[in-house]
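The primary structure of each chain is shown beneath.
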Amino acid sequence: MKGLKVMLLLLICSSLIFAGCSNGANSGGNDGEITLEFWNGFTGPDGEDIGKIINEFNEAHKGEIKINTQTMPWGNFYDQYRTVVTNGEAPDIAIMHLDSIAGYARYGLLTPLDDLAGDIGLSEGDFIEEVWDAGVYEDQRYGIPLDVHPLTLFYNVDLLEQAGYTEAPKTYDELLEMSLAVQEQTDAWGIAMPVFWPSNMIFYTSLMSHGGQSVSEDGLTPLYNSPEGEEALQKMVDLVYEHKVSPSDVQADGEVTLFRQGKSAFHLNGIWMIAGFEEQDGLNFATAPVPAFGDQEAVWAGSHNFVIPAQKDEDPERLEAAMKFIKYVSENSLQWAKAGQVPAKYSVLESEEFKALEHQYKASQQNFVFPPATPFYGDAWGPTGPAVDEAMLNQLSPADALERAAKEGEANAKEAAQ
């Protein structure tokens with residue numbers, strides 16, 4: 001009898017364990033509630049902003065859908081993502097940088113979203129055209145844009161006023177003129193050009209402004225080693241060594257420190273710097289479109305996109321729930337914009353609430369140019385980073401730096417393609 005009781009107890013325990021495992025996908029504390037795993041790399045203050053939106057979604061969909069968030073540094077994110085998807089343990093939703101999407105789509109690690117987006121009413125007319133188009137690889141959509149984060153001009157209002165100016169420069173020549181005037185009237189530098197990151201984003205912007213191209217459509221051939229590329233990089237170098245409106249020995253993040261301290265009038269960086277500058281005591285700053293270094297208005301821009309990882313076994317109900325979450329965040333992304341982003345969805349972008357975010361709104365009034373949707377963009381473009389740095393350090397001429405980068409980039413891209 002004792003043995004029978006033990007056996008019965010084991011059977012009950014086994015049943016409970018099995019029930020727990022089989023309901024793991026839908027666990028959330030309420031019967032029928034679908035729990036989705038959401039992966040992202042928002043480890044900074046922006047994680048708090050996306051967290052607020054997620055909490056609001058969970059409250060609005062209580063008993064129906066619950067979002068669990070797993071956050072990790074971007075430096076670890078992509079390797080972890082590749083591993084879990086390959087092992088059939090993919091999260092339900094993830095955030096991916098726009099220029100990474102094509103590479104993961106090529107290897108079957110993403111779910112096509114054309115039909116899913118259409119089913120919940122998301123379409124081209126809802127989003128900034130350039131960022132919506134950039135989420136397509138080989139005629140299929142793999143990304144739903146959350147935001148745009150462009151390069152932006154930050155300027156010290158007080159220093160410009162002391163130099164006799166009340167508006168931001170719109171061209172390279174005006175930037176140079178105002179920088180020289182600031183140095184004549186104050187003890188500050190005109191601008192502090194970064195030697196390291198984000199110097200290659202500035203080069204991309206200058207390249208596009210000069211009518212140049214980054215890489216070929218298939219991503220295998222670097223195109224920045226061109227007369228337009230050389231002129232684009234030379235303009236950056238000249239601010240330091242010819243016009244002397246920037247220090248030449250800027251250390252990593254040194255340009256940020258100089259701007260925070262009121263020791264430079266202009267600063268080129270991503271829109272994500274807004275929150276940090278707003279917290280800086282005594283810094284009276286404003287934002288504006290990046291001045292055109294060439295004949296065209298163009299600026300580097302990136303974007304965080306929602307993606308659906310490729311699933312071992314697709315579940316239509318979970319996919320539908322995931323798309324409901326994506327649509328909700330997209331439509332309620334004003335909180336995300338406050339973190340220092342441009343909303344990708346027109347309904348938020350054109351709202352009075354967003355226009356009241358003066359810094360973000362001014363940064364949104366630019367001609368965004370996104371990296372091309374090719375799996376090999378990073379391979380072909382990547383060597384421009386060290387090349388631009390060496391030119392900015394006056395170690396190589398722009399022509400020599402870009403020539404070397406192009407050779408390395410082409411070799412990298414061909415190896416990746418094989």
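Scroll up to find the structure this text is about.
Residues numbered from 1 in each chain as written. Predicted model: local features only at pLDDT ≥ 70, side-chain atom pairs only at ≥ 80, totals over all residues. Heavy atoms only, no water.

Asker: Is there a simple way to think about the packing of aromatic side chains in this case?
Answerer: In this description, an aromatic ring pair is defined by two values, namely the gap between the centres and the angle between the planes. With the rule as written, the count across this model stands at 28 aromatic pairs. Geometrically, the ring pair formed by F77 and Y78 is edge-to-face, given 5.1 Å between the ring centres and 85° between the ring planes. Residue F77 is classed as buried on the basis of its relative accessible area, which comes to 0%. With a relative accessible area of 13%, Y78 lands in the buried category. Aromatic side chains W197 and W272 sit 5.9 Å apart centroid to centroid with 25° between the ring planes, which places their arrangement in the stacked category. With W197 in the loop between β8 (189–191) and α9 (199–209) and W272 in the loop between β9 (264–270) and α12 (274–278), this residue pair connects regions lying 75 residues apart in the sequence. A connected cluster of aromatic rings, assembled from ring pairs, spans W39, F42, W74, F77, Y78, Y81, Y104 and W336. In this structure, R141 packs its charged tip against the face of W132, placed 3.5 Å from the ring centre. Taking the ring centre of F127 as reference, the NZ or CZ of K345 above it sits at 5.9 Å. (Phe/Tyr/Trp six-rings, centres within 6.5 Å; stacked < 30°, edge-to-face > 60°. Buried < 20%, exposed > 50% of the residue type's maximum accessible area, 1.4 Å probe, protein only. Helix = DSSP H or I, 4+ residues; strand = E, 2+ residues; numbered from the N terminus. Lys NZ or Arg CZ within 6 Å of the ring centre and 35° of its normal.)

Asker: How should the pairing of β9 be read in this particular structure?
Answerer: Within a regular strand, side chains alternate between the sheet's two faces. The buried count for β9 comes to seven of seven residues, which makes it a mostly enclosed element. As paired elements, strand β7 (residues 147–156) and β9 share five bridges and run antiparallel to each other. Counted as the bridge partner of L153 is L268 from β9. When β8 meets β9, the two strands line up parallel, connected through two bridges. Paired with W189 across the two strands is S264, which belongs to β9. (Pairing = 2+ DSSP bridges.)

Asker: Where do I start with the packing of α9 against helix α19 (residues 384–392) in this structure?
Answerer: Each pair of packed helices can be summarised by the angle the axes make with each other and by the distance between the axes. Between α9 and α19, whose axes approach to 9 Å, the crossing angle comes to 90°. Judged by the angle between their axes, α9 and α19 are roughly perpendicular. Counted together, S199, N200 and F203 of α9 and T384, G385, V388 and D389 of α19 form the full contact between these two elements. (Axes fitted to C-alpha atoms, helices over the stretch in contact; angles between N-to-C directions. Parallel < 35°, antiparallel > 145°, perpendicular 65-115°, else oblique. Contact = heavy atoms within 4.5 Å.)

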